[in-house]
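The residues making up each chain are set out below.
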Amino acid sequence: MSSDQPRRGIIPRAEDSPLDDDPTRATPVPQRGTPTFGDEPPAPIPASPQRAALEDPFPPTPPATPSYVPTFFERSTAQTPMYEPLPPLEPTPAPFSPTPLYRSAPPPEPIADPTLDDAPTQTLPRHSSDPLPDEPETPHTFSNALGWTILGTLLPGVGLVRGGSRASGIAALVIFLASLGGLGYLAYEGHLAARLITNPIALIIGATLCGVLAILMTGLVVATYVALRPRTITILQRIVGAVVVGVLCFVVSAPFAVVATAGYAQAKLVTLLFRTTESQTRPTITPGPASDLWANTPRINVLLVGGDAGGTTDTVIVASIDTKTGSTVLVTVPRDLARLPFPTSSPLRTYFPNGYWDGSSGESPASWVNRLWTDLPKKVPGNALGTTSNLSADALKQGIGEALGLRVDYYLYASVADLYTLVDALAGVTVNLATRVPTDATATSWIEPGAGRHLDAYQAVWYGWSSAGTDAERQTRRGCVVDAITRANPALALARFDGIAQAGTAATTDIPSSMLPMLVELSTRMKRTHVTSLQFANGADGFVSASPNFPMMRQRVASAIAGSLDPASAQTSPAVPLGTQCGA
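On a predicted model such as this, the values are computed, not experimentally measured, just so you know.

1. What to know about helix α14 (residues 471–486)
Spacing of three or four residues puts side chains on the same side of an α-helix, whose turn is 3.6 residues.
Logical step 1: Over its 16 residues, α14 runs 23 Å from end to end, which matches the ideal 22 Å to within 8%, given 1.5 Å per residue.
Logical step 2: Judged by how many residues are buried, α14 sits mostly within the fold: twelve of 16 residues are covered.
Logical step 3: Where α14 is concerned, the buried positions are Asp471, Arg474, Gln475, Thr476, Arg477, Arg478, Gly479, Cys480, Val481, Asp483, Ala484 and Ile485.

Below you can see the structure in the form of structure tokens.
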């Protein structure tokens, strides 16, 4: 074959073809499925529809229109090649990467291959659980964990902060400090605290909160120890840790449990004892300003009545209290006082114009004051004084007030059984014994005299209410027991308040619950002063129980009260300090 003739399969390119600068150079014709290549790579081809198709392999499909479809021969003899080389792609810029919100770890340090001197270094990726370089783990020893747990118990939240729980620890510490601040404020604002501890609803809420705090404090101690203890400890360390945590949980929860129990008992006592009653002798006392609730009431007189198993009132004592200083005078009336008078304004004066007696003589027990409580309601109509919840109490308040020249404001009645329950709840009382008293009816055992003798409930009841000795001696012993009860340890009274409340709920009184905040404040003033005692006993200082001299009684009461307020008048006062009579 001559060189002028084209080779088989090669078609000469037309002279006017714009695709090649050399019109004599042949262009390879692509075969089916595989393109053929010439001696040199094809030159760059200008833009064409075929090139656009290669750049966008999935162009939008144009609407179908009738068109001419070339045959295979026509396609194979086309002057435009089916495949064209693409120009080099330009570098694509890196995508935008926002700054991460979390703190990323620093790049790992390169690790060199020890087998190669000049080899490039390699790096190891950081695991997500590895600590950051600026947050090293601090190991805790067992003794360290116990120490911080104890400190966290005394100052809640400190141990959690040490263990890594900063948010929980700071929250616990803030709550603890806020609670201390609240208690300090209540201690400073005494009138506010008095209102809270005499409000049944506030008491129940406070008792419930104390129970919740006991649970939370227990959980806080356990959580602090768990956060601080080492991961691996010995069996002995586990036992020691459990014992220490258990003791700490008891220490922090016991006070809350005691206060919660006392709160519920106090709420029960206030609800049952100081319930709303009807009285014809109860005054209306208006509280003063917050700085001095008793500013409008200079003096208050409370009748204390003690009943025995037979219903008679063998103990009749009037506590006359100066509200400014808390100075108290206890005036004891003998149980065999006859002809108890009534005020001229009282309806009972119509029934007993000559005082309470049976008309025979003052020596008759039916004329004594200790029988009024049970017998008077049988002798007069139930509405003789008007609407009242306790006719005997109102009548006794009017009669004792008229005999002593005082206005008796309130009364409190308790039986000997109530007194026994009260002393038993206090785990006994400490009394200075001046006389020897038997502790049974046959006088086979005795309570020996002495200073600071501790008596249990059985001995205290026998000492105060035994029939041994004269009426004056019995009055003195009862006054000593009452004084010992008022001087009971406050912490012990709080711990055993449930039993005290049980004894109190059996008593009766006409003191309204609205007076409790004022009485709480008054009790604090009474503890800062002394108590004096004035007794009326048959045959002593010209006093005769069967035919008493009531003007003389009123004058002695007024002198005793004046002596309790003025030290200069105390020298001539008929009252004596209560401790002197009790053998102190």
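2. Let's talk about the sheet that holds strand β1 (residues 299–307)
Logical step 1: Overall, mixed pairing links the seven strands, which are arranged β9-β4-β1-β2-β3-β10-β11 in an open sheet. Edge positions in the open sheet fall to β9 (508–509) and β11 (576–577), since each of these has one partner strand only.
Logical step 2: Summarising the sheet, strand β10 (residues 531–535) and β11 pair through two bridges and their orientation is antiparallel. From the neighbouring strand, Ser533 faces β11, where its bridge partner is Val576.
Logical step 3: Its contacts with the sheet put α14 on β2 (313–322), β3 (328–333) and β10, and the angle it makes with β10 is roughly 160 degrees.

3. Overview of the packing of helix α3 (residues 142–154) against helix α7 (residues 200–228)
Logical step 1: Running from N to C, α3 and α7 cross one another at 155 degrees; their axes reach a closest spacing of 9 Å. Judged on the interaxial angle alone, α7 and α3 are roughly antiparallel. Regarding α3 and α7, the two cross each other, and that crossing is right-handed. Facing Phe142, Ala145, Leu146, Trp148, Thr149 and Thr153 of α3, the residues of α7 in contact are Met217, Val221, Thr224, Tyr225 and Leu228.
Logical step 2: For the contact of α3 with α7, the residue count by class is eight nonpolar, three polar and no charged.

4. Quick notes on the pattern of salt bridges
Logical step 1: The full count for this structure, using the stated rule, is nine salt bridges.
Logical step 2: Between Arg525 and Asp292 there is a salt bridge, with the nearest N and O atoms lying 3.0 Å from each other. Here the residue Arg525 occupies a position in helix α17 (residues 516–526), and Asp292 occupies one in the loop between α8 (235–273) and β1, the gap between them amounting to 233 residues.
Logical step 3: Between Glu402 and Arg554 there is a salt bridge, with its nearest N and O atoms 3.9 Å apart. Within this pair, whereas Glu402 is found in helix α11 (residues 391–404), its partner Arg554 is found in helix α18 (residues 550–565), the two being separated by 152 residues in sequence.
Logical step 4: You can call Glu402 partly exposed: its relative accessible area is 26%.
Logical step 5: When its relative accessible area of 28% is taken as the criterion, Arg554 is described as partly exposed.

5. Some details on unusual backbone geometry
Logical step 1: The phi dihedral of Arg339 is positive, around 55 degrees, even though this residue is not glycine.
Logical step 2: Within the secondary structure layout, Arg339 lies in the loop between β3 and α9 (348–351).
Logical step 3: Accessibility expressed as a relative area gives 27% for Arg339, which makes it partly exposed.
Logical step 4: Positive phi, normally seen in glycine, also occurs at Ala427, with a value near 60 degrees.

6. Comments concerning the nonpolar core
Logical step 1: In terms of nonpolar packing, the biggest core is built from 41 residues, with Leu303, Leu340, Leu376, Leu396, Ile400 and Leu404 touching the most fellow members.
Logical step 2: Secondary-structure elements contributing two or more residues to this core are β1, β2, β3, α10 (372–379), α11, β4 (410–415) and α18.
Logical step 3: The element that contributes the greatest number of residues to this core is α11, accounting for seven residues.
Logical step 4: Residues within four places of Leu376 in sequence aside, it is in contact with Phe342, Phe352, Tyr356, Arg371, Leu391 and Ala395.
Logical step 5: With 17 residues, the next largest nonpolar core counts Trp294, Ile300, Ala507 and Met515 among its residues.

7. Examining the side chain of Asn301
Logical step 1: Of note, Asn301 is situated in strand β1.
Logical step 2: Residue class for Asn301 comes out buried when judged on its relative accessible area of 6%.
Logical step 3: Side chain to side chain, Asn301 and Ser320 meet in a polar contact 2.8 Å long.
Logical step 4: Engagement of the side chain of Asn301 in a polar contact is seen with the backbone oxygen of Arg407, the distance being 3.0 Å.
Logical step 5: Apart from residues no more than four positions distant in its own chain, Asn301 is found in contact with Val318, Ala319, Ser320, Leu406, Arg407, Val408, Asp409 and Tyr410.

8. Notes on the pairing of strand β5 (residues 429–433)
Logical step 1: Burial along β5 is one-sided: the residues Val429, Val431 and Leu433 are buried and none of Thr430 and Asn432 is.
Logical step 2: Note that β5 and strand β8 (residues 450–455) share four bridges and pair antiparallel. Paired with Val431 across the strands is Arg453, a residue of β8.

9. Considerations on the confidence of the model for the chain
Logical step 1: In the predicted model, the chain carries a mean pLDDT of 78, and the fraction of residues at 70 or more is 71%.
Logical step 2: Confidence, expressed as mean pLDDT per element, reaches its minimum in the chain at helix α2 (residues 72–76) with 56 and its maximum at α11 with 94.
Logical step 3: For the stretch residues 8–20, pLDDT sits under 50, and the model shows 18 contacts to residues farther than four places along the chain or on other chains.
Logical step 4: Note that residues 128–137 has pLDDT below 50 and, in this model, seven contacts with residues that lie over four places away or in other chains.

10. Digging into the side chain of Lys397
Logical step 1: Along the chain, the position of Lys397 falls in helix α11.
Logical step 2: In terms of polar contacts, Lys397 uses its side chain to reach the side chain of Thr281, at 2.8 Å.
Logical step 3: Ignoring anything within four residues of it in the chain, the contact list for Lys397 reads Ser279, Thr281, Arg282, Leu303, Val408, Asp409, Tyr410, Tyr411 and Asp510.

11. What about the environment of Gly246?
Logical step 1: Structurally, Gly246 is set in helix α8.
Logical step 2: Classification of Gly246 by relative accessible area gives partly exposed; the value is 39%.
Logical step 3: Taking the C-alpha atoms as reference, Gly246 lies 8.7 Å from Val222; in sequence the two are 24 residues apart.

12. Notes on the packing of aromatic side chains
Logical step 1: With the rule as written, the count across this model stands at six aromatic pairs.
Logical step 2: Residues Tyr458 and Trp462 carry aromatic rings whose centres are separated by 6.4 Å and whose planes lie at 55 degrees to one another, so their mutual orientation is tilted. Of the two residues, Tyr458 and Trp462 both sit in helix α13 (residues 457–465), four residues apart, roughly one turn of that helix.
Logical step 3: Among the residues examined, Tyr458 registers a relative accessible area of 43% and is labelled partly exposed.
Logical step 4: Directly above the aromatic system of Trp357 lies the positively charged group of Arg339, at a separation of 3.9 Å from the ring centroid.
Logical step 5: The positively charged end of Arg436 is found above the aromatic ring belonging to Trp446, 4.2 Å away from the centroid.

How each quantity is defined
- Residues numbered from 1 in each chain as written.
- Predicted model: local features only at pLDDT ≥ 70, side-chain atom pairs only at ≥ 80, totals over all residues.
- Heavy atoms only, no water.
- Helix = DSSP H or I, 4+ residues; strand = E, 2+ residues; numbered from the N terminus.
- Expected span 1.5 Å × (residues − 1).
- Buried < 20%, exposed > 50% of the residue type's maximum accessible area, 1.4 Å probe, protein only.
- Pairing = 2+ DSSP bridges.
- Contact = heavy atoms within 4.5 Å.
- Axes fitted to C-alpha atoms, helices over the stretch in contact; angles between N-to-C directions.
- Parallel < 35°, antiparallel > 145°, perpendicular 65-115°, else oblique.
- Left-handed = near helix turned anticlockwise from the far one by under 90°.
- Nonpolar A, V, L, I, M, F, W, Y, C, P; charged D, E, K, R; others polar.
- Salt bridge = Lys/Arg side-chain N within 4 Å of Asp/Glu carboxyl O.
- Core = buried A, V, L, I, M, F, W, Y, C linked by side-chain atoms within 4.5 Å.
- Polar contact = N/O pair within 3.5 Å; in protein donor to acceptor, adjacent residues only side chain to side chain.
- pLDDT = per-residue confidence, 0-100.
- Phe/Tyr/Trp six-rings, centres within 6.5 Å; stacked < 30°, edge-to-face > 60°.
- Lys NZ or Arg CZ within 6 Å of the ring centre and 35° of its normal.

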